[in-house]
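This is what each chain is made of:
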Amino acid sequence: MTIEMGVLTENTYQSYFAALLIGERQKCQQILKDLLAAKMSVVSIYENLFKRSLYQVGQLWENNRISVATEHLVTALTESLFNLVYPHVFSQPRIGKSVILACVPKEMHSLGAKMAADLFEVYGWDSLFLGTNVPRKDLIAMIDDVKPDALGLSLSLYLNMGSLQKTVEAVTQTFSI
C-alpha cells in the first residue's frame, strides 16, 4: 500500500475499511499516521476516510450485513483515531467565533456532531461539544451563558425528529430568533 502526497487512494481506503470492520486498531492507526505524514488535510481525512467509512458501515448495518456490535466497534475505534488528528485540529488560529453542538434529547449517537465540532475548530471556531441526550433546559442555559455565533443540533435516528423540532422551537422562542 502506497500513500500518495496528500491523497487517499482507493486501495488505502479499502485497506483501512477492512481493518476497521474487524477492529485492527494498529493497522488503522498506521494508515492514518501515514496520511497525516503525507500532508493529507484534516478536512479530507474527516470527509474521505472517517465520514465515508461510517456511512458505509451504516449501510451495512441497515442491510443486516453487520451486527450492532460491529457498528459500535467501528464507532469506538473511529472516535479513538480522532486523537491522532487532534494536534492538527486544534492548531489553527482562532477567528473569534463560537459554536455549540449537541445531540437532541433521546439521541445517543454523537459521532457526527463530534466530527462537526472538530471541523469548526479546523476553521478557527471555538466549539463546545455537549454530547448525547442534552436536555433542552440545559442547552438553553448554555446558549444563554455562552452566546454562541451558531448552534448545531444532531440526530441520527428519524425517531428523534420530534425531539429536534421541540428543541428548535424552544431555542427560537427563548431567544426570539
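Scroll up a little and you will see the structure.
Notes on the structure in this doc start here. (Residues numbered from 1 in each chain as written. Predicted model: local features only at pLDDT ≥ 70, side-chain atom pairs only at ≥ 80, totals over all residues. Heavy atoms only, no water.)

1. Observations concerning the overall build of the protein
Phase 1 of the analysis: Within the protein, the secondary structure is distributed over seven helices and three strands.
Phase 2 of the analysis: Reading the protein from its N end, one meets helices and strands in the order α-α-α-α-β-α-β-α-β-α.
Phase 3 of the analysis: Looking at the protein residue by residue over its 177 residues, the buried ones come to 40%.
Phase 4 of the analysis: Sequence separation of 24 or more characterises 77% of the internal contacts of the protein that already satisfy a separation of 6 or more.
Phase 5 of the analysis: The positive charge centre, built from 15 side chains, and the negative charge centre, built from 17, are 1 Å apart in the protein. (Helix = DSSP H or I, 4+ residues; strand = E, 2+ residues; numbered from the N terminus. Buried < 20%, exposed > 50% of the residue type's maximum accessible area, 1.4 Å probe, protein only. Contact = heavy atoms within 4.5 Å. Lys, Arg positive; Asp, Glu negative; His and termini not counted. Charge placed at Lys NZ, Arg CZ, Asp CG, Glu CD.)

2. Here we look at the pairing of strand E2 (residues 126–129)
Phase 1 of the analysis: Where strand E1 (residues 98–103) meets E2, four bridges bridge the pair, whose relative direction is parallel. Across the sheet, Leu-101 pairs through a bridge with Phe-129, a residue of E2. (Pairing = 2+ DSSP bridges.)

3. Some remarks on the packing of helix H1 (residues 10–21) against helix H4 (residues 68–89)
Phase 1 of the analysis: As a packed pair, H1 and H4 sit with axes 9 Å apart at the nearest point and diverge in direction by 120°. Taken together, H1 and H4 sit at an angle that is classed as oblique. Taking contact as the criterion, the partners of Tyr-16, Leu-20 and Leu-21 in H1 are, on H4, Thr-70, Leu-73, Val-74, Leu-77, Thr-78 and Leu-81.
Phase 2 of the analysis: Its residues placed into classes, the contact of H1 with H4 shows seven nonpolar, two polar and no charged. (Axes fitted to C-alpha atoms, helices over the stretch in contact; angles between N-to-C directions. Parallel < 35°, antiparallel > 145°, perpendicular 65-115°, else oblique. Nonpolar A, V, L, I, M, F, W, Y, C, P; charged D, E, K, R; others polar.)

4. Some words on the sheet that holds E1
Two pairing modes exist for strands in a sheet, parallel and antiparallel, and in both the strands are linked by backbone hydrogen bonds.
Phase 1 of the analysis: In space, the three strands of this open sheet follow the order E2-E1-E3, with parallel pairing throughout. This sheet does not close on itself; its edge strands, each paired only once, are E2 and strand E3 (150–154). Pairwise comparison of adjacent strand axes, ignoring direction, gives a mean angle of 20° for this sheet.

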